[in-house]
Amino acid sequence: MNGPASNRLLRILRHRWLDDTDVKRALDDAALDRLAARVAESETRHGGEIRISVEAGLPLSYLWQRLSARDRAITLFGKLRVWDTEHNNGVLIYLLLAEHAIEIVADRGLARHVAPEHWQAVVAGMREAFRAGRYEAGLLQAVEAVEALLVQHSPLRADGANPNELSDRVDLR
């Protein structure tokens, strides 16, 4: 069996092979705590919201439909309510371990200010860290890059407050 059918089968097997233990191996509890703390700290500097989601493999329904990591990130953007911030300035940083795929989805309040090439540069920096097995470092780098954009395009309110609209914890799937 060669061609598209074998590629599809290999993709399904790769995604089904990985599970939550692979996610825990990539990011242990201490790393998850540090990431959550970094997101919380970041949100004291700007008026936006950052969410991180890490998934071992795509759900079987996505694989059957040949959907991409980008499709999944957009779905999670909605499921995690990142789209539902008061000023439309939420950002989802998504990592799919099975494909080493990285996606950043920004709500329209930020996306209109940031060129797609800039997001690609952020993802490229993360990819280098992930290739070296440094998942926490790559995610921290992404939070810093997103923070810089949010500081520039979504400053804190005049009273210096940023009500926490979303969980700072890393979403694991």
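Residues numbered from 1 in each chain as written. Predicted model: local features only at pLDDT ≥ 70, side-chain atom pairs only at ≥ 80, totals over all residues. Heavy atoms only, no water.

## So, the pairing of strand β1 (residues 49-55)
Along a regular strand, successive side chains alternate from one face of the sheet to the other.
Next, step 1: For β1, the buried fraction is high: seven of the seven residues fall into the buried class.
Next, step 2: The alternating pattern of β1 places Glu 49, Arg 51, Ser 53 and Glu 55 on one face and Ile 50, Ile 52 and Val 54 on the opposite face, and all of these are buried.
Next, step 3: Where β1 and strand β2 (residues 90-96) come together, seven bridges link them in parallel fashion. Among the inter-strand pairings, Ser 53 is bridged to a residue of β2, identified as Tyr 94.
Next, step 4: One ladder, built from two bridges, connects β1 with strand β4 (residues 171-172); its direction is parallel. In the sheet register, Ser 53 faces β4, and the bridge partner there is Asp 171. (Buried < 20%, exposed > 50% of the residue type's maximum accessible area, 1.4 Å probe, protein only. Helix = DSSP H or I, 4+ residues; strand = E, 2+ residues; numbered from the N terminus. Pairing = 2+ DSSP bridges.)

## A few points about the environment of Asp 107
Next, step 1: Tracing the backbone shows Asp 107 in the loop between β3 (101-106) and α6 (108-111).
Next, step 2: On the basis of relative accessible area, Asp 107 is assigned to the buried category, the value being 4%.
Next, step 3: For the pair Asp 107 and Val 170, spaced 63 residues apart in the sequence, the C-alpha separation amounts to 18 Å.

## With respect to helix α3 (residues 29-42)
An α-helical segment advances 3.6 residues per turn. Residues three or four places apart therefore align on the same side.
Next, step 1: Across its 14 residues, α3 extends 20 Å between first and last C-alpha, which sits within 8% of the 20 Å expected from 1.5 Å per residue.
Next, step 2: Taken together, the buried positions of α3 are occupied by Ala 31, Leu 32, Leu 35, Ala 36, Arg 38, Val 39 and Ser 42. Buried residues of α3, seen end-on, are gathered within an arc of 160° and therefore sit on one face of the element.
Next, step 3: Residues of α3 that are buried in the fold lie against α2 (20-26), β1, α8 (135-153) and β4.
Next, step 4: One side-chain oxygen of the residue at the start of α3 lies 3.2 Å from the amide nitrogen of Ala 30, identifying that residue as Asp 28. (Expected span 1.5 Å × (residues − 1). Arc of directions from axis to C-beta. Contact = heavy atoms within 4.5 Å. Polar contact = N/O pair within 3.5 Å; in protein donor to acceptor, adjacent residues only side chain to side chain.)

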